[in-house]
Amino acid sequence: MDGIYRPGWVGRALGWGTALYLVLPLFIILPVSVTDQRFLSLPHEGISLRHYAALFAAPDWFASIAQSFWIACASTVLAVGTGTLFAIACWRLNRRSTELLRALMLLPLIVPSIVYAIGLYRYFGWWDLLDRFAGVVIAHGVTGIPYVVITVSTALASFDPRLEQAARGMGASLRQVLAWVILPRIMPGIVSGAIFAFIHSWDELVIVLFIASRDVFTLPRRIWDGINENQDPIMAAVAVLLIGFTTLLLVVDMALRRKRDT
Amino acid sequence: MSATLGTGSLELRGLAKRYGEFVAVQGADLMIAAGSFLTLLGPSGSGKTTILMMIAGFTEPTAGRLLLGGGDITALPPEKRAFGMVFQGYALFPHMTVAENVAFPLRVRGIGRAARDTRVRATLDLVQLSGFADRRPAQLSGGQQQRVALARALVFDPALLLLDEPLSALDKKLRAELQEELRALHRRVGRTFINVTHDQEEALSLSDEVAVLNHGRIVQKGAPAMLYEHPRTRFVAGFLGKSNFLHGVVQGDGTVQCGPWRLHHAAPPAPGTAVLLSLRPEKIALGQAGDNAIEGRVLSSAYLGAGHAVVLDTPIGPIRVHQPAWRAAVDPAIGTTISMAWAADAATIVEDDDAPG
Ligand SMILES: Nc1ncnc2c1ncn2[C@@H]1O[C@H](COP(=O)(O)OP(=O)(O)OP(=O)(O)O)[C@@H](O)[C@H]1O
Ligand SMILES: [Mg+2]
């Protein structure tokens, strides 16, 4: 960019240091996943893709991936639906009380997930939602709402309220205004929120540890168990695939943002 | 298709808006005949937008009523009134093309695609934007966006078209062009137009009727020529064009004592009354004889091509004079003392409200 101050060497060093620190675990997991050994370690004599092959041959890993995927999809739908409607309602009412409500909706981000999980365990016990697909979807969906509320509220903040007036002035009902004017304008925000909600569910472990045991066995759960029980490098292979998938989603998100900004 | 309102005259009865203690609009009374072009003219903050928003239904009046064709529409929500509106800054939908923008009101009414396309095309022709149907608003110039906003407001044939300073963002030449287009459009579609502006020339040249606002109050309304020639107050005279203001007292013989002079006035009130005369600069002639003739020393003189804008120093303060440059009787050289004159019916008696100069 032209016309901005160039960072000094301290700033540069800090920036690169931070970036390196963030990606360092990835650089370790990648070689581990192609190890030729039978346990979690760096490659000794050569690299091998046997753990990737093993992963695709193992039905229980595959089942977990599928289960995680469907849970993430369902909880994303839940989070996006409620989060978007909530953000729009807060924006339309725009009172002090809605500010308070909005802060309340961000609670799942603030409360440590372990505390949250303990609470959920209690309620889900009463409602017979423990170790159920629906239970995990609800838990992940609700804790995914803050991401959607944040991204959609941000999108709404830059929405010109006169567009709504213009639409109403031409005879549009609330539903038409919503469908044809507001939603298309804030769609990038909604998609961003959806991506974050999806990722949130996709790699969530703490809550799952509490509210699921046997029937619902998500991917992070299986990795966790794998690490605890045997040091199978298949986990590193899974991790690499997970990272790849998440990166893909983030790239999509960035592309969408760029499109919105132009 | 939703029920369209009748196309009768619009009436504002004591329409008022308060924000807490602050009075944005006080008791506005207006009768706007069907098919006429009314302009709300006033300085910034005088309540023009507030009145327009109350007519459109976006702002709820604190008091008063709004009648269309005799029916009360005060409580009707904006989507039921569905007056065409051109917002300041246009408020076009950025995610839609020009054609989609213009089609919006038709889509809202559930009009089929074929009929929609025909009408969109006809309306884009009307505002001379046929070649721009597939562009997005961001790819248009200010004047083109303004015409899209107009097309969008006209396409569903609303009973009333509300325009909130639609031309204020444009340069002088484009503004003049679009004023011409707006006037032609008004003649062609025959709808009621209510325009908001703080540009007095625009108000005078476009409107059938002008309502002048100040501090949330309609000070005077009438045809442009009537307002210009017979301003009721000092504010109206000063806001619509320029004017000289002379304080005086009516004498027994019907003249007005103004400083050292006895001025003749066509219709003087009772003797002893203190009056304020409004005298337009172009009604004073330099170096000529007339009912009232005085002298002054030229303080400044600006050549404007078509004429001179001269300021003369007199015993009652500076007086502005506009005179045609072509075949001028005298040359208004700075420092010279020259005579000026005006007819007895040139000045108007105005009420002295608090006026900006
Ligand atoms: N929501 C509001 N709350 C409080 N005061 C308001 C509100 N809206 C408008 N006002 C006040 O009412 C007055 C009239 O405002 P309005 O927008 O009608 O002015 P205007 O004549 O359109 O001015 P401009 O030419 O600058 O657009 C202003 O003094 C403004 O500060
Ligand atoms: Mg305004």
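Residues numbered from 1 in each chain as written. Chains lettered and ligands numbered in written order. Predicted model: local features only at pLDDT ≥ 70, side-chain atom pairs only at ≥ 80, totals over all residues. Heavy atoms only, no water.

Describing the overall build of chain B
Move 1: Along chain B, the regular secondary structure elements total nine helices and 20 strands.
Move 2: Principal axes of the C-alpha set define a box for chain B whose edges measure 75 × 45 × 35 Å.
Move 3: The contacts in chain B between residues at least 6 apart in sequence include a share of 66% that link residues at least 24 apart.
Move 4: Surface exposure of chain B reaches about 15600 Å², of which carbon and sulfur atoms provide 52%.
Move 5: Both charge centroids of chain B, one from 35 positive and one from 34 negative side chains, sit 7 Å from each other. (Helix = DSSP H or I, 4+ residues; strand = E, 2+ residues; numbered from the N terminus. Contact = heavy atoms within 4.5 Å. Areas by Shrake-Rupley, 256 points an atom, 1.4 Å probe, with all protein chains shown as cover. Lys, Arg positive; Asp, Glu negative; His and termini not counted. Charge placed at Lys NZ, Arg CZ, Asp CG, Glu CD.)

Describing the confidence of the model for chain A
Move 1: Counting all residues, the mean pLDDT for chain A is 87, and 98% of those residues have values of 70 or more.
Move 2: Ranking the elements of chain A by mean pLDDT puts helix α12 (residues 234–261) of chain A last with 82 and helix α7 (residues 133–157) of chain A first with 93. (pLDDT = per-residue confidence, 0-100.)

Describing the interface of chain A and chain B
Move 1: Of the residues lining the interface, 15 residues belong to chain A; the matching set on chain B comes to 23 residues.
Move 2: Of the roughly 1800 Å² buried between chain A and chain B, counting both surfaces, carbon and sulfur atoms make up 66%.
Move 3: Among the residues chain A hides against chain B, the three largest losses belong to R168, M170 and W180 of chain A. Together they make up 39% of the total.
Move 4: Where chain A meets chain B, there are one salt bridge.
Move 5: Of all the secondary-structure elements, those providing two or more residues to the side of chain A that touches chain B are α8 (161–169) and α9 (174–202) of chain A.
Move 6: Here the element with the most residues in the side of chain A that touches chain B is α8 of chain A; it accounts for seven residues.
Move 7: Taken together, the residues that form the side of chain A that touches chain B break down as eight nonpolar, four polar and three charged. (Buried area = accessible area lost by both parts, 1.4 Å probe. Salt bridge = Lys/Arg side-chain N within 4 Å of Asp/Glu carboxyl O. Nonpolar A, V, L, I, M, F, W, Y, C, P; charged D, E, K, R; others polar.)

Observations concerning the site of ligand 1
Residue and element names in this part refer to chain B.
Move 1: Looking at ligand 1, there are 13 residues lining it, with S44, G45, K48, T49 and T50 nearest.
Move 2: Take G47: an N or O atom from its main chain is 2.9 Å from an oxygen atom of ligand 1.
Move 3: The side chain of K48 places a nitrogen or oxygen atom 2.7 Å from an oxygen atom of ligand 1.
Move 4: Coverage of ligand 1 by the protein chains reaches 61% of its 630 Å² of free accessible surface.
Move 5: Elements with a minimum of two residues in the shell around ligand 1: β2 (22–32) and α1 (48–56).
Move 6: Top contributing element to the shell around ligand 1 by residue count: α1, with three residues.
Move 7: In terms of residue class, the shell around ligand 1 is built from four nonpolar, seven polar and two charged. (Near = heavy atom within 4 Å. Polar contact = N/O pair within 3.5 Å; in protein donor to acceptor, adjacent residues only side chain to side chain.)

A few points about the environment of A225 of chain B
Move 1: Note that A225 of chain B resides in helix α8 (residues 224–229).
Move 2: Spatially, the C-alpha atoms of A225 of chain B and F58 of chain B are 33 Å apart, while their sequence positions differ by 167 residues.

Overview of the sheet that holds strand β19 (residues 337–342) of chain B
Move 1: Sheet architecture is open: five strands sit in the order β15-β19-β16-β17-β18 (chain B), paired in antiparallel fashion. At either end of the open sheet lies a strand with only one pairing partner, and these are β15 (285–286) and β18 (317–324) of chain B. (Pairing = 2+ DSSP bridges.)

So, the pairing of strand β17 (residues 307–314) of chain B
A regular strand places its side chains so that they alternate between the two faces of the sheet.
All names here are of chain B.
Move 1: With six bridges connecting them, strand β16 (residues 292–303) and β17 associate as antiparallel partners. Within the sheet, the bridge partner assigned to Y303 lies in β17 and is H308.
Move 2: Pairing between β17 and β18: eight bridges, direction antiparallel. If you follow T314 over to β18, its bridge partner there is G317.
Move 3: Joining the antiparallel neighbours β17 and β18 is a turn of two residues.

Quick notes on helix α3 (residues 98–108) of chain B
Side chains that are three or four residues apart share a direction in an α-helix, a result of its 3.6 residues per turn.
Residues and elements named next belong to chain B.
Move 1: Counting buried positions over the 11 residues of α3 gives nine, a clear majority of the element.
Move 2: Along α3, the positions that sit buried rather than exposed are V98, A99, N101, V102, A103, F104, P105, L106 and V108.
Move 3: In the segment just after α3, G110 is the residue with positive phi, at about 70 degrees. (Buried < 20%, exposed > 50% of the residue type's maximum accessible area, 1.4 Å probe, protein only.)

Overview of the packing of helix α3 (residues 59–93) of chain A against α9 of chain A
Residues and elements named next belong to chain A.
Move 1: Between α3 and α9, the least distance of the axes is 8 Å, while the angle of their chain directions is 140 degrees. Put simply, α3 runs oblique to α9. In the packing of α3 onto α9, the handedness of the crossing is right-handed.
Move 2: Split into classes, the residues belonging to the contact of α3 with α9 amount to 19 nonpolar, five polar and one charged. (Axes fitted to C-alpha atoms, helices over the stretch in contact; angles between N-to-C directions. Parallel < 35°, antiparallel > 145°, perpendicular 65-115°, else oblique. Left-handed = near helix turned anticlockwise from the far one by under 90°.)

Comments concerning the environment of T255 of chain B
All names here are of chain B.
Move 1: Looking at the element boundaries, T255 is found in the loop between β11 (244–250) and β12 (256–258).
Move 2: Beyond its immediate stretch of four places on either side in the chain, T255 contacts V249, V250, R262, L263 and H264.
Move 3: Of the polar contacts made by the side chain of T255, one reaches the side chain of D253; its length is 2.7 Å.

Comments concerning the side chain of R116 of chain B
Residue and element names in this part refer to chain B.
Move 1: Note on placement: R116 falls in helix α4 (residues 113–126).
Move 2: D117 is the oppositely charged side chain nearest to the buried, salt-bridge-free R116, at an N-O distance of 5.3 Å.
Move 3: Other than its neighbours up to four places away in sequence, R116 contacts A103, L106, R107 and I111.

Here's the deal with a nonpolar patch on the surface
All names here are of chain A.
Move 1: On the surface, L20, Y21, L22, V23, L24, L26 and F27 cluster together to form a nonpolar patch covering roughly 730 Å² of accessible area.
Move 2: Note that V23 resides in helix α1 (residues 9–33).
Move 3: Its relative accessible area of 31% is what places V23 among the partly exposed residues. (Patch = residues over 30% accessible without salt bridge, like charges linked within 9 Å, V, L, I, M, F, W, Y side chains within 5 Å.)

So, the pattern of salt bridges
Move 1: The full count for this structure, using the stated rule, is 17 salt bridges over all chains.
Move 2: When the shortest N-O distance is used, the salt bridge between R102 of chain A and E99 of chain A registers 3.0 Å. Of this pair, R102 of chain A and E99 of chain A both sit in helix α4 (residues 96–105), three residues apart, which is roughly one turn of the helix.
Move 3: Between R13 of chain B and E11 of chain B there is a salt bridge, with its nearest N and O atoms 3.0 Å apart.
Move 4: Under the relative-accessibility criterion, R13 of chain B is labelled partly exposed at 38%.

Thoughts on the sheet that holds strand β4 (residues 63–68) of chain B
Residues and elements named next belong to chain B.
Move 1: One open sheet accounts for four strands, arranged β2-β1-β4-β5; its pairing is antiparallel. The open sheet terminates on both sides in strands that have one partner only, identified here as β2 and β5 (71–72).
Move 2: Where β4 and β5 come together, two bridges link them in antiparallel fashion. Residue pairing in the sheet places L67 in a bridge with D72 of β5.

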